[in-house]
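Listed below are the residues making up each chain.
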Amino acid sequence: MNNRKFAVIGGTGLTRLENLEIVRREIVMTPYGEPSSSLAFGNIDHVTDQEVVFMARHGHAHNIPPHMVNYRANIKALKEIGVTSIFAINAVGGIREDMCPGTLAVPDQIIDYTSRRINSFFESNLSHVTHIDFSYPYSAELSEKIYKAAEQVNIDIIKGGTYAATEGPRLETAAEIQRLKRDGCDMVGMTGMPEAALARELQMEYVSICVNANWAAGLSDELISMEIIDQNLVDGMAKVRQLLAQMIAQF
Ligand code: HPA
């Protein structure tokens, strides 16, 4: 696809992109309400004149929990300003053995365990019922671009894996994680859905870079605390910034 317009949706640990040279901010209202944050427009690391839009999923102050995010307003706001392609950054707990804290992973599948979220734009005033094809929820083309960029800047990245989207805001029980493991999930987070499906409904390319913040519940002796999550995310997010700069320069 030519003439892409990129957005980065930053999650926990990435409420702003330090290497984004911001040229303007915009507050976009939508029929679904206000998005989580104003939109910051700019260039990453001056590497390219490709404009990037940044949105903080949990608000600039990081005070909107995953189950309270207005996902529809966020995706609609990006659509309204012409975004075609979304890089979603998500903090996760690692389930598979190689998903250790600090590692990055690009999931290729998702299982939705959320239960209370508005998960579609197609609700009322419809001229016809619409079911999107969601067999492959993430853009394979953008995933390949991420892999290539990671290789160029020497960042290890796990290619593929199944993301379990849980309702939160509490973390899971050890038994719930065992169930997710049996279901074939490799990582668990609270923000992957309905974001990915809403982007597909509005025909936007969507890919996720997951940063492992902790071992999922019951998989290590350590209790999971916000301190541990935040600590592990610092390193991971530094890699994400580098990766985004390298990748966006290639378009
Ligand atoms: N579970 C769900 N969401 C998360 C986790 C977790 O262990 N870590 C970071 N986000």
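All of the points below concern the structure found in this document. (Residues numbered from 1 in each chain as written. Predicted model: local features only at pLDDT ≥ 70, side-chain atom pairs only at ≥ 80, totals over all residues. Heavy atoms only, no water.)

1. Focus on the site of the ligand
The ligand sits among A91, V92, G93, L171, E172, V188, G189, M190 and N214. At a separation of 3.4 Å, a nitrogen atom of the ligand approaches a polar backbone atom of G93. Calculation on the ligand without its partners gives an accessible area of 260 Å², and the protein chains cover 94% of this total. Looking at the shell around the ligand, the elements that each hand over two or more residues are β5 (85-94) and β10 (187-189). (Near = heavy atom within 4 Å. Polar contact = N/O pair within 3.5 Å; in protein donor to acceptor, adjacent residues only side chain to side chain. Areas by Shrake-Rupley, 256 points an atom, 1.4 Å probe, with all protein chains shown as cover. Helix = DSSP H or I, 4+ residues; strand = E, 2+ residues; numbered from the N terminus.)

2. Quick word on the packing of aromatic side chains
Two aromatic rings are characterised by how far apart their centres lie and by the angle between their planes. For the structure on display, the rule yields four aromatic pairs. Taken together, the aromatic side chains of F6, F87 and F251 make up a single cluster linked through ring pairs. Over the ring of F41 we find R24; its NZ or CZ atom is 3.8 Å from the centre of that ring. A cation over an aromatic ring shows up here: K145 above the ring of F251, its NZ or CZ 4.9 Å from the ring centre. (Phe/Tyr/Trp six-rings, centres within 6.5 Å; stacked < 30°, edge-to-face > 60°. Lys NZ or Arg CZ within 6 Å of the ring centre and 35° of its normal.)

3. Some remarks on the environment of S135
Residue placement: S135 occurs in the loop between β7 (109-112) and α2 (140-152). Given a relative accessible area of 40%, S135 falls into the partly exposed group. Note: C-alpha distance between S135 and G93 (42 residues apart in sequence) is 24 Å. Among the polar contacts made by the side chain of S135, one reaches the side chain of D133 at a distance of 2.7 Å. (Buried < 20%, exposed > 50% of the residue type's maximum accessible area, 1.4 Å probe, protein only.)

4. Considerations on the packing of α2 against helix α5 (residues 226-248)
Remark: α2 packs on α5, axes separated minimally by 9 Å, with the N-to-C direction vectors making an angle of 110°. One element, α2, and the other, α5, form an angle in the roughly perpendicular class. Where α2 crosses over α5, the two elements pack in a sense that is right-handed. Contacts between α2 and α5 pair K145, I146, A149, A150 and Q152 from the former with L243, Q246 and M247 from the latter. Residues that form the contact of α2 with α5 fall into these classes: five nonpolar, two polar and one charged. (Axes fitted to C-alpha atoms, helices over the stretch in contact; angles between N-to-C directions. Parallel < 35°, antiparallel > 145°, perpendicular 65-115°, else oblique. Left-handed = near helix turned anticlockwise from the far one by under 90°. Contact = heavy atoms within 4.5 Å. Nonpolar A, V, L, I, M, F, W, Y, C, P; charged D, E, K, R; others polar.)

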